[in-house]
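Next come the chains, spelled out residue by residue.
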Amino acid sequence: MEQELQHLSTIDELTGADNRRHVLAEFEPHLANYIRYGSAFSLISMDIDHFKAVNDSYGHLVGDDVLKRFSEIVSERIRRTDIFARTGGEEFLILMPHTTRQFQMLIFWQRDLEKRWRPSGSKLPITNISRLLSAPEL
Ligand SMILES: Nc1nc2c(ncn2[C@@H]2O[C@H](COP(=O)(O)OP(=O)(O)OP(=O)(O)O)[C@@H](O)[C@H]2O)c(=O)[nH]1
């Protein structure tokens, strides 16, 4: 029971991704390890562009579905050791331990996500993926 509650306090209810508090808590030791031992890690920030327009045009429930679908797609792509979190309304963060030079991977992801967003030619969200930090390539 206590374990279950603890788990629930680390996840974002809507998407099932980790929540902001959890990823920030996980980030701290990675940063400390990088400073002390030079252990590599990467952080990727992502947000869904023009998300407000999705809600305004299709309604909040569709907006919720987009957030869930986006989370599913990203979750399929990451490693089990990566931490994927929803940090705000349409803002997400991935913490990737022991990962550097993920730039090529980002380009691949961006293409893949765009393809999968538009199975029927819809012009719904394009994600904006940016490399935030990749220690020790600062
Ligand atoms: N459906 C849904 N919408 C949410 C949720 N949380 C936040 N939002 C909406 O997300 C929208 C975020 O708006 P903005 O920050 O302007 O983002 P944006 O429209 O993507 O703008 P850009 O980032 O500049 O492209 C707002 O309309 C919020 O109401 C949620 O859990 N579900």
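Residue numbers here run from 1 along each chain, matching the order of that chain's written sequence. Selection of residues for local features in this predicted model requires a pLDDT of at least 70, selection of side-chain atom pairs for listing and counting requires 80 or more, and totals for whole chains, interfaces and linings are taken over all residues. Hydrogens and waters are ignored; side-chain quantities use all the structure's heavy atoms.

Asker: Help me out: how do you make sense of the pattern of salt bridges in this one?
Answerer: What makes a salt bridge here is a side-chain nitrogen of Lys or Arg within 4 Å of a carboxyl oxygen of Asp or Glu, nothing more. Under the definition given, this model contains 5 salt bridges. With a shortest N-O distance of 3.0 Å, glutamate 72 and arginine 69 are connected by a salt bridge. Note that glutamate 72 and arginine 69 are positioned in helix 4 (residues 60-77) at a spacing of 3 residues, about one turn of the helix. A simple rule labels every residue: compare its accessible area, found with a 1.4 Å probe on the protein chains alone, to the largest value its type can have, and call it buried under 20%, exposed over 50%, or partly exposed in between. The class of glutamate 72 is partly exposed, set by a relative accessible area of 45%. In this structure arginine 69 comes out as partly exposed when scored by relative accessible area, which is 33%. A salt bridge links aspartate 82 to arginine 79; the nearest nitrogen and oxygen atoms lie 3.1 Å apart. The exposure class assigned to aspartate 82 is buried, which follows from its relative accessible area of 7%. You can call arginine 79 partly exposed: its relative accessible area is 38%. Each helix corresponds to a stretch of at least 4 residues labelled H or I by DSSP, and each strand to a stretch of at least 2 residues labelled E; elements are numbered beginning at the N terminus.

Asker: Would you take a moment to explain a nonpolar patch on the surface for this structure?
Answerer: Residues with no salt bridge and a relative accessible area higher than 30% make up the patches, which join like charges within 9 Å and nonpolar side chains (Val, Leu, Ile, Met, Phe, Trp, Tyr) within 5 Å. Under the convention used here, a 1.4 Å probe and the Shrake-Rupley method define accessible areas, while residue burial counts only the protein chains that appear. Nonpolar side chains collect at one region of the surface, where Met1, Leu5 and Leu8 lie side by side and expose about 360 Å² of accessible area between them. Structurally, leucine 5 is set in helix 1 (residues 2-8).

Asker: Teacher, can you tell me more about the site of the ligand here?
Answerer: For each residue, the test is whether any non-hydrogen atom lies within 4 Å of the molecule or strand; if one does, the residue is near. For the ligand, the set of nearby residues contains 15 residues, the closest of which are His50, Phe51, Asn55, Asp64 and Arg86. Between an oxygen atom of the ligand and a main-chain N or O atom of phenylalanine 51, the distance comes to 2.7 Å. What qualifies as a polar contact is a pair of N or O atoms within 3.5 Å, subject to a donor-acceptor requirement within protein and to the restriction that residues adjacent in sequence count only when both atoms come from side chains. Within the contact set of the ligand, an oxygen atom lies 2.9 Å away from a backbone nitrogen or oxygen of lysine 52. Computed on the free molecule, the ligand has an accessible area of 670 Å², of which 60% lies beneath the protein chains in the complex. Within the residue set of the shell around the ligand, elements represented by two or more residues are strand 2 (41-48), helix 3 (51-58) and helix 4. Of all the elements, helix 4 adds the most residues to the shell around the ligand, at 4 residues.

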